[in-house]
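So the chains spell out like this:
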Amino acid sequence: MAPTYDAAVIGGGIVGLSAGMALSKKRHSVVVLEAKERLASGQTGRNSGVIHSGLYYKPGSLKARNCVQGRERMYRFCDQHGVPYKRCGKVVIATRQDEIPRLDELERRGRANGLKGLRRLSANEIQEYEPHAAGIDALYVPETGVVDFAQAAKAMAKIAQNNGAAVKRNARVLQCVRRSNRVVLETRSGKIEARAALNCAGLQADRVAQLCGEQPTARIVPFRGEYYELVPKRRGLVKTLIYPVPDPRFPFLGVHLTRRIDGAVEAGPNAVLALKRGGGSKFSFSARDAASALTYIGFWKMAFRYWRAGAEELRRSFSKTAFLTALRRLMPELNKEDIRPAESGVRAQALNRDGSLVDDFILLESNRIVHTLNAPSPAATASIAVGERLAELTAKQLEPK
C-alpha cells in the first residue's frame, strides 16, 4: 500500500518547505517531495541571499504586501531558530541625470509600502555609507538585509519534521493521477497518495501542472544569473549592498554589489537565457529545455521587445571587461584583477504567449491541487507569509466537497 497523507508538497525549496511547515503546524499529515538529493539546492540556494525591503514593488500589489509582511517575519524566524543574518541596509545609486526621476519613484513606492528610515543621499553623502562608491544621487534603505536562504529553508524542514512531516529526497514526480478523494503521485522513490497536493516545483512548476492535467497560460523560461566576486583582499571596498537604479523597461535589477552573510562580496548578476532548467554553467544544455524555450512564441516576442537589453546582458556573459564596465559605474576604482568568476544561478521566469514577463505570483486552484506557477522575487524574502497562504489554500482542498 502506498503511504497516504493529508497533503503532498511538491518541491523542497524555501517556498515548498515553508508551506510544509505551515501545514504541519495545522496538524495535517504532510510529505514534502524534493526531486534532488539536497533540499533548497535550486533557486533557494543559488541567489544573492538578499532580504528585500519592498522598495521596488507597486504599492498594494501582492508582491508588495508579501514582501513587507514577510520581511520582518523572516528576521524574526532567523532570530528564533539561530539562522545567521545581517540587517545591513543598501544604497541605490543614480549615476546619470535621467535616473533621478526613477529614484524619485522608488522613494515614493518605498514610503507607500511603509519603509521607515529611508534617506535621500547627495553625492557627498553616499560616502558616509559606501566610501568607495560614486554617484550623483542615492537612496539609503535600512530594512534590507542578507541571509543564507538555504539555511533558513533547512530550519523550516526541521520544524516540519519535528511536527511529524515526512521529507523525501530524490523523489521527482513522474506521474499524477487524480481520484475522487485523493491524488496519486508516482515518484522516483515510490508511489505517494494524498488527499490534496501543492505544487511548489519552481523551475519545473509548469511541467508538474501539465502532469496533473492542467494547461498553464504561461511557460517557465529559465534565465541564468552569472556572478563575479571580489577577491578577498578587496572585499573591504563594500560595506553594505550597492544597487543601480533599475530600468523599468526590463524586469531585472541590474548588476550590483552584495556583501553576503559569509563575508564574500558578489558582483552581479546579469540575466541570459539558460538552455537547461537548473543548469548553472553557460555551457549547460538540455535538448528538452532548450526546445521548450526556443519553440515558444512568447520567448521570441519577448526577445524582439528587449533585444537591445538582451544583447548587452549576453555581452556581459562572455566579456569580463563588459561586466567590469557595469560595475565601475557604481565603483570606479575596480580593476579586472579585483574580480573573479563565482557561482551562477538560474531563476524561473514565467512568460505569457504575448511575450510579457509575468511580474507577480500565479496561483491556480484545481480539484485537490494548488499550483504555484510563478513565485518571483521576493518569494524567498516573503516565504513564511507565502507558505502560510499556500497552506491555507491547500487546507481548503481537504474540506468536504
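Residue numbers restart at each chain and count upward from 1, following the sequence in its written direction. Predicted model: local features are reported for residues with pLDDT of at least 70 only, side-chain atom pairs are reported and counted for 80 or more only, and whole-chain, interface and lining totals are derived from all residues. Neither water nor hydrogens contribute to the side-chain values; these are computed over all heavy atoms in the structure.

Draft legend 1. Expanded view of the environment of Asp6. Helix and strand definitions follow DSSP, with helices as H or I runs of at least four residues and strands as E runs of at least two, each counted in order from the N terminus. Among the secondary structure elements, Asp6 is positioned in strand 1 (residues 4–10). As for Asp6 and Cys67, which are separated by 61 residues in sequence, their C-alpha atoms are 29 Å apart. Contacts are assigned to residue pairs with any non-hydrogen atoms lying within 4.5 Å of each other. Contacts of Asp6, omitting those with residues within four sequence positions, involve His28, Ser29, Ala194, Arg195, Ala196 and Leu398. Of the polar contacts made by the side chain of Asp6, one reaches the side chain of Arg195; its length is 3.1 Å. Residues adjacent in sequence count toward polar contacts only when both atoms are side-chain atoms; beyond that, a polar contact is any pair of N or O atoms within 3.5 Å, and within protein one must be able to donate a hydrogen and the other to accept it.

Draft legend 2. Empty space enclosed by the protein, seen in detail. Both site types are read off a 1 Å grid over the protein atoms alone. A 1.4 Å probe that fits but cannot get out defines a cavity, while an open set with protein on both sides within 12 Å along at least five of seven lines defines a pocket; lining residues have an atom within 4 Å of a point. Grid points are joined across faces, edges and corners, and a volume is the space filled by probe spheres set on the points. One pass over the structure, following the stated rule, counts two cavities of 30 Å³ or more. By volume, the largest cavity is sized at about 60 Å³. As for the largest cavity, its lining consists of Lys36, Gly42, Gln43, Arg46, Leu203, Gly278, Gly345 and Val346. By residue class, the composition of the lining of the largest cavity is two nonpolar, four polar and two charged. In terms of lining, the second largest cavity is formed by Ser48, Gly49, Val147, Asp148, Arg260, Ile261 and Asp262. Any residue that is not Ala, Val, Leu, Ile, Met, Phe, Trp, Tyr, Cys, Pro, Asp, Glu, Lys or Arg is counted as polar, Gly included; the first ten are nonpolar and the last four charged. Grouping the constituent residues of the lining of the second largest cavity by class yields two nonpolar, two polar and three charged.

Draft legend 3. Broad picture of the pairing of strand 2 (residues 30–33). Accessible area is worked out with a 1.4 Å probe on protein chains only. A residue is then buried under 20% of its type maximum, exposed over 50%, and partly exposed in between. On strand 2, burial covers both faces: Val30 and Val32 on one face and Val31 and Leu33 on the other are all buried. When DSSP finds at least two bridges between two strands, those strands are taken to pair. Strand direction decides the pairing type here: strand 1 and strand 2, joined by four bridges, are parallel. Its bridge partner lying in strand 2, Ala7 is registered against Val30. When the strands point away from the viewer, a crossover counts as right-handed if the path from the first strand over the helix to the second runs clockwise. Of the crossover connections in this fold, the one passing from strand 1 over helix 1 (residues 14–25) to the parallel strand 2 is right-handed. In the sheet, strand 2 pairs with strand 9 (residues 166–168) via three bridges, with the strands oriented parallel.

Draft legend 4. Focus on the environment of Cys78. Its place among the elements puts Cys78 in helix 2 (residues 62–81). On the accessibility criterion, Cys78 (2% relative accessible area) is buried. Sequence separation between Cys78 and Val147 is 69 residues, and the spatial gap between their C-alpha atoms is 8.7 Å. In contact with Cys78, other than residues within four places in its own chain, are Val83, Tyr85 and Val147.

Draft legend 5. Spatial organisation of helix 2. In this model helix 2 runs 27 Å from its N-terminal to its C-terminal C-alpha over 20 residues, within 8% of the 28 Å that 1.5 Å per residue would give. Looking at helix 2, one finds that the buried residues are Lys63, Ala64, Asn66, Cys67, Gly70, Arg71, Met74, Tyr75, Phe77 and Cys78. At its buried positions, helix 2 is contacted by helix 1, strand 3 (50–51), strand 4 (85–86), strand 8 (145–147), helix 5 (149–162) and helix 11 (383–397). Among the residues trailing helix 2, Gly82 stands out with phi positive, at a value near 70°. For a helix, the expected span equals 1.5 Å multiplied by the residue count minus one.

Draft legend 6. Summary view of the sheet that holds strand 3. On the basis of which strands lie adjacent, the open sheet formed by three strands has the order 3-8-4 and antiparallel pairing. Among the strands making up the open sheet, the edge pair consists of strand 3 and strand 4. In the sheet, strand 3 pairs with strand 8 via two bridges, with the strands oriented antiparallel. Residue Ile51 lies in a different strand from strand 8, and its bridge partner there is Gly145.

Draft legend 7. Focus on the sheet that holds strand 5 (residues 90–94). A sheet is described by the order of its strands in space; here eight strands give the open sequence 6-7-5-15-16-17-14-19, paired in mixed fashion. Edge positions in the sheet fall to strand 6 (119–122) and strand 19 (339–341), since each of these pairs with one other strand and no more. Averaged over all adjacent pairs, the angle separating strand axes in this sheet is 25°, with direction ignored. As defined by bridge partners, strand 14 (residues 228–230) adjoins strand 17 (residues 265–268) across two bridges and the pair is classed as antiparallel. In the sheet register, Tyr228 faces strand 17, and the bridge partner there is Ala267. Fitted lines through C-alpha atoms serve as axes, helices being fitted only where they are in contact, and the angles separating the N-to-C directions of these axes extend from 0 to 180 degrees. Each of strand 5, strand 6 and strand 7 (137–141) touches helix 3 (residues 100–112); the most contacted strand, strand 7, lies at about 20° to it.

Draft legend 8. Structural view of helix 5. With 14 residues, helix 5 should cover 20 Å at 1.5 Å per step; its first-to-last C-alpha distance of 20 Å lies within 8% of that length. Among the residues of helix 5, Phe149, Ala150, Ala152, Ala153, Ala155, Met156, Ala157, Ile159 and Ala160 are the ones counted as buried. If you follow the buried residues of helix 5, they end up packed against helix 1, strand 3, helix 2, strand 8 and helix 11. The first or second residue beyond helix 5 is Gly164, which carries a positive phi of 105°.

Draft legend 9. View of unusual backbone geometry. Between Gly268 and the following residue, Pro269, the backbone shows a cis peptide bond with an omega angle of 0°. One can find Pro269 in the loop between strand 17 and strand 18 (272–273). Backbone torsion omega between Ser377 and Pro378 reads 20°, so that peptide bond is classified as cis. Among the structural elements, Pro378 can be located in the loop between strand 22 (369–374) and helix 11. A positive phi angle is found at Arg27, which is not glycine, with a value near 70°. Position of Arg27 relative to the elements: it lies in the loop between helix 1 and strand 2.

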